[in-house]
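Now for the letters of each chain:
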Amino acid sequence: MDVIIDNADRFWVGMQTTLSLTAASALVALVLGVILAACRVSPVPSLRLPAAGFVNLMQNLPLTVLFFLVVFGAPKVDIRGTSYWTRAVIALGLYTAAFVCEVVRSGINTVPAGQAEAARAIGLGFTQNLRLVILPQALRSVVGPMASTLIALTKNTSVAVGFAVLELTSVVNQLNETGDAVPGLFGVALCYLILILAMSWVFELVERKVAFQR
Amino acid sequence: MSSVLFDEPGPAARRRHAILTVLGLVVVGFFVFVAIGRLHESGQFEGRRWEWIQYEGIQRNLLAGFVATLKAFGLAAVLSLVLGVILAIGRLSPRAAVRWPATAVVTVFRALPVVVLMFFPYLGARSLIGTSIPLLWCVVFGLTVYNGSVLAEIFRAGVLAVPGGQAEAASAIGLTRGQSLRIVLFPQAVRAMLPTIISQLVVVLKDTALGFVIGYQELLFEGQGITDESRFGRPIIPVALVVGAIYVVACSLLSLLATRIERRSGAIRRRPGGFVDPIPDTAPAPLAS
């Protein structure tokens, strides 16, 4: 316990990095994921197929391999001036976008067909239909699955420990050097536990606020 | 192509779609062009960066890495299925003394990253008992406790989704709770949840790559070994592409199995009474399934 208190600043720095990784890559993933979802349900094949291909690729590629490609590969193609943190955000953002896309798409599928038909009947086009009728309903019903996706993202930030980002998990390595691996492990596990359980509690509150019975 | 979201296109929409199609192709083409141009300019397509594929020793190393990946996957898959069943039974137990610990275990392990769970035996054993645990077992431990907890929730959801009349009927003919779970509820739950279970096994296969972080000599680790060699021009991107392709093919095959099974179990429908029964007019399924 003393070890954890003595190294509270390290835990705090690690926690901050984990949080900033999560927030930045969540933003990337949400924006890209919604665009991908719109492409995946669109009437234009040249948008639909690449989006579907990207999602399939990301769902079958280990995050570690993507990290390897982005973090170690970027300097190889002369992309310089990006920090390890930025590259980790890109890897996490791309990876999570595919899962966000699938969540949004399944949300679109939960909106009853009558809603879309009614929208078409009053003369709305595809984008109007999506923007005014489908997505506002779909996004409400995806809060639960989206929360799971963002929680998974938070846990996935720990992969960055293998790629030179000093996030929460790396505190274990730091403490291992001074021979305090075990308290480090329990401290880090406790931090994740608090973070994840707090997140799921908040998301549950949000879900209860916006959810509606169909 | 028409869906519930848009009408069969008229002349104006067809024109717009044509423009968007071209625009989509241009955008995608642009990205592909820039990416390939970048790769080409930085010499990623040079022969020396791909030469390693021809070396027999390297092929053997990669194969050994892939076998190590499959070994971790196989062990973790079997063990997490076993753990999942045990935890699910615990979660469903009417006894609070059994239910609460099982719930706590599931909650805690699902809230921790797999990497941290792999670190526990990896770093913990060394400072607690002085010897180190083989890396394979560190990987298997992390994968098993996490995916076992997730699978427990899947099994539990499956059992709870079985119509209540099934359990009542089971107890009416005198089956005990355990018998009812084993003979009546679990088979139906597993059948209904099979696609979800296999998707979770795809996650296990993907997550074996996390072993790379603790230095388990799996596929990606063996790949990284190649990138240290300067005679091949430190081929990080070629190696990542090849290793990634192997993973994608392996995971896609498993995913394909899940979709196949999902489509087949689509032939099972619920009668109005909530009774699960195969549609009578389809050909009988082969016995070995």
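For clarity, every value in this text was computed on a predicted model and none was experimentally measured.

A. Looking closely at the overall build of chain B. The helix and strand inventory of chain B stands at 11 helices and 2 strands. The N-to-C order of helical and strand elements in chain B reads α-α-α-α-α-α-α-α-α-α-α-β-β. Counting the 289 residues in chain B, one finds 34% classified as buried. A fraction of 71% describes how many contacts in chain B between residues 6 or more apart in sequence connect residues 24 or more apart.

B. A look at the confidence of the model for chain A. Overall, the prediction assigns chain A a mean pLDDT of 89, with 99% of residues at 70 or greater. The element-level mean pLDDT for chain A is lowest in helix α1 (residues 2–6) of chain A, coming to 79, with helix α2 (residues 8–40) of chain A highest at 93.

C. How the structure looks around the nonpolar core. Formed by 134 residues in total, the largest nonpolar core has its most connected members in Val65(A), Leu66(A), Ala91(A) and Met118(B). By residue number, the principal contributor to this core is helix α5 (residues 84–110) of chain A, which donates 15 residues.

D. View of unusual backbone geometry. In this model, Ala164(A) sits at a positive phi of 65°, which is unusual for a non-glycine residue. A residue is classified by how many C-beta atoms lie within 10 Å of it, and Ala164(A), with 14 of them, is partly exposed.

E. Structural context of helix α8 (residues 177–207) of chain B. Residue and element names in this part refer to chain B. Helix length check: α8, at 31 residues, gives a terminal C-alpha distance of 35 Å against a target of 45 Å (1.5 Å per residue), a shortfall beyond 12%. Largest kink in α8: about 65°, centred on Met193, with the proline Pro195 one to four residues after it. Listing the buried residues of α8 in full gives Leu181, Leu185, Ala189, Met193, Ile197, Gln200, Leu201, Val202, Val204, Leu205, Lys206 and Asp207.

Conventions adopted
- Residues numbered from 1 in each chain as written.
- Chains lettered and ligands numbered in written order.
- Predicted model: local features only at pLDDT ≥ 70, side-chain atom pairs only at ≥ 80, totals over all residues.
- Helix = DSSP H or I, 4+ residues; strand = E, 2+ residues; numbered from the N terminus.
- Buried ≥ 20, exposed ≤ 12 C-beta atoms within 10 Å, placed from the backbone.
- Contact = placed C-beta atoms within 7 Å.
- pLDDT = per-residue confidence, 0-100.
- Core = buried A, V, L, I, M, F, W, Y, C linked by C-beta atoms within 7 Å.
- Expected span 1.5 Å × (residues − 1).
- Bend = angle between axes of the 7 residues up to and from the residue.

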